[in-house]
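Read off the chains here:
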Amino acid sequence: MTDPVADVERAMIAIRRSQQHRALTRIARERGQGAPDPVIELLDVVEEFADRGEPATVTSLATALGVDQPRASRLVARAVDQGVLHRSADQADGRRTVLALTAAGRSHLDTLHTFRRTVFAEAMSPWSPEDRTAFARLLTSFVSNYDALGH
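Cut-offs applied
Residues numbered from 1 in each chain as written. Predicted model: local features only at pLDDT ≥ 70, side-chain atom pairs only at ≥ 80, totals over all residues. Heavy atoms only, no water. Helix = DSSP H or I, 4+ residues; strand = E, 2+ residues; numbered from the N terminus. Buried < 20%, exposed > 50% of the residue type's maximum accessible area, 1.4 Å probe, protein only. Contact = heavy atoms within 4.5 Å. Areas by Shrake-Rupley, 256 points an atom, 1.4 Å probe, with all protein chains shown as cover. Phe/Tyr/Trp six-rings, centres within 6.5 Å; stacked < 30°, edge-to-face > 60°. Lys NZ or Arg CZ within 6 Å of the ring centre and 35° of its normal. Core = buried A, V, L, I, M, F, W, Y, C linked by side-chain atoms within 4.5 Å. Salt bridge = Lys/Arg side-chain N within 4 Å of Asp/Glu carboxyl O. Polar contact = N/O pair within 3.5 Å; in protein donor to acceptor, adjacent residues only side chain to side chain.

*Asks:* So what's going on with the overall build of the protein? Residues and values would help.
*Replies:* What the protein contains, in helices and strands, is seven helices and two strands. Listed by position from the N terminus, the elements making up the protein come as α-α-α-α-α-β-β-α-α. Based on the C-alpha atoms only, the size of the protein along its principal axes is roughly 60 × 40 × 25 Å. Counting only residues that meet the buried cut, the protein has 26% of its 151 residues in that class. For the protein, the proportion of contacts with a sequence separation of at least 24, taken over those separated by at least 6, is 48%. Of the accessible surface of the protein, which amounts to about 10,500 Å², a share of 55% is contributed by carbon and sulfur atoms.

Given below as structure tokens:
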């Protein structure tokens, strides 16, 4: 009998390695989707902040991305130059700048979400609808509980 916790550990390590090897980037290139820009991860995080109703600042983005503030500032400047992020003064604290997705940024992320979901659906294609639902529920719960351990 296998240890389910050990199985999860092995699966999480495999996911981490896949991310380090940029598996989605490779699949995107192979399918003519182009290579994701480093700004993409930044947009994902800005979207997460917006979903939680939290302001996205350079400092909060640097923390969420695990990069130093100068690197986050360069990514933000690049995203603003590309027209996918907009800077504005924080209404609660005029000294602080908050960042938000532009329509172009939202469109870019929508396209990316569609691509990722297509790939994930392919990976789960042999599964029954019930297994997909159970996996989604359990994985979402696991990520939430795991994140809570770090806070």
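*Asks:* Explain the packing of aromatic side chains residue by residue, including any values.
*Replies:* Per the stated rule, a full pass over the model turns up two aromatic pairs. Note on Trp127 and Phe135: the rings are 5.1 Å apart at their centroids and 80° apart in plane angle, and the pair reads as edge-to-face. For Trp127, a relative accessible area of 34% corresponds to the partly exposed category. The interplanar angle of 15° and the centroid separation of 5.8 Å between the aromatic rings of Phe142 and Tyr146 together place this pair among those described as stacked. Here Tyr146 and Phe142 lie together in helix H7 (residues 129-149), a separation of four residues that amounts to about one turn. Looking at Phe142, the relative accessible area reads 31%, which means it is partly exposed. On the basis of relative accessible area, Tyr146 is assigned to the exposed category, the value being 52%. When the ring centre of Phe49 is taken as origin, the NZ or CZ atom of Arg52, which lies over that ring, is 4.8 Å away.

*Asks:* Quick rundown of the nonpolar core? Include the residues and the values.
*Replies:* Where a protein is soluble and globular, its nonpolar side chains tend to be buried together. Among the nonpolar cores identified, the biggest contains 21 residues, and Leu42, Leu43, Leu61, Leu85 and Leu99 are the most heavily contacted of them. Residue assignment for this core shows that the elements contributing at least two residues are helix H3 (39-52), helix H4 (58-65), helix H5 (69-81) and helix H6 (103-123). Among residues more than four places away in sequence, those in contact with Leu85 are Leu42, Leu43, Val46, Ala79, Val80, Leu99, Ala100, Leu101 and Thr102.

*Asks:* I'd love a proper account of the pattern of salt bridges, names of residues and values included.
*Replies:* Where charged atoms of side chains with opposite charge meet at close range, the side chains can pair. Evaluated as defined, the whole model comprises six salt bridges. One salt bridge connects Asp7 with Arg10, and the closest N-O pair in it is separated by 2.4 Å. Placement of the pair is Asp7 and Arg10 together in helix H1 (residues 4-20), with a separation of three residues, close to one helical turn. Notably, a salt bridge pairs Arg106 with Asp110, separated by 3.1 Å at the nearest N-O pair. In this pair, Arg106 and Asp110 both sit in helix H6, four residues apart, roughly one turn of the helix. Linked by salt bridges that have partners in common, Glu47, Arg106 and Asp110 make up one network.

*Asks:* Give me the side chain of Ser60: which residues, what numbers.
*Replies:* Looking at the element boundaries, Ser60 is found in helix H4. Under the relative-accessibility criterion, Ser60 is labelled buried at 17%. A polar contact of 2.8 Å, which involves the side chain of Ser60, links it to the backbone nitrogen of Thr57. If sequence neighbours within four positions are ignored, Ser60 has contacts with Phe49 and Pro55.

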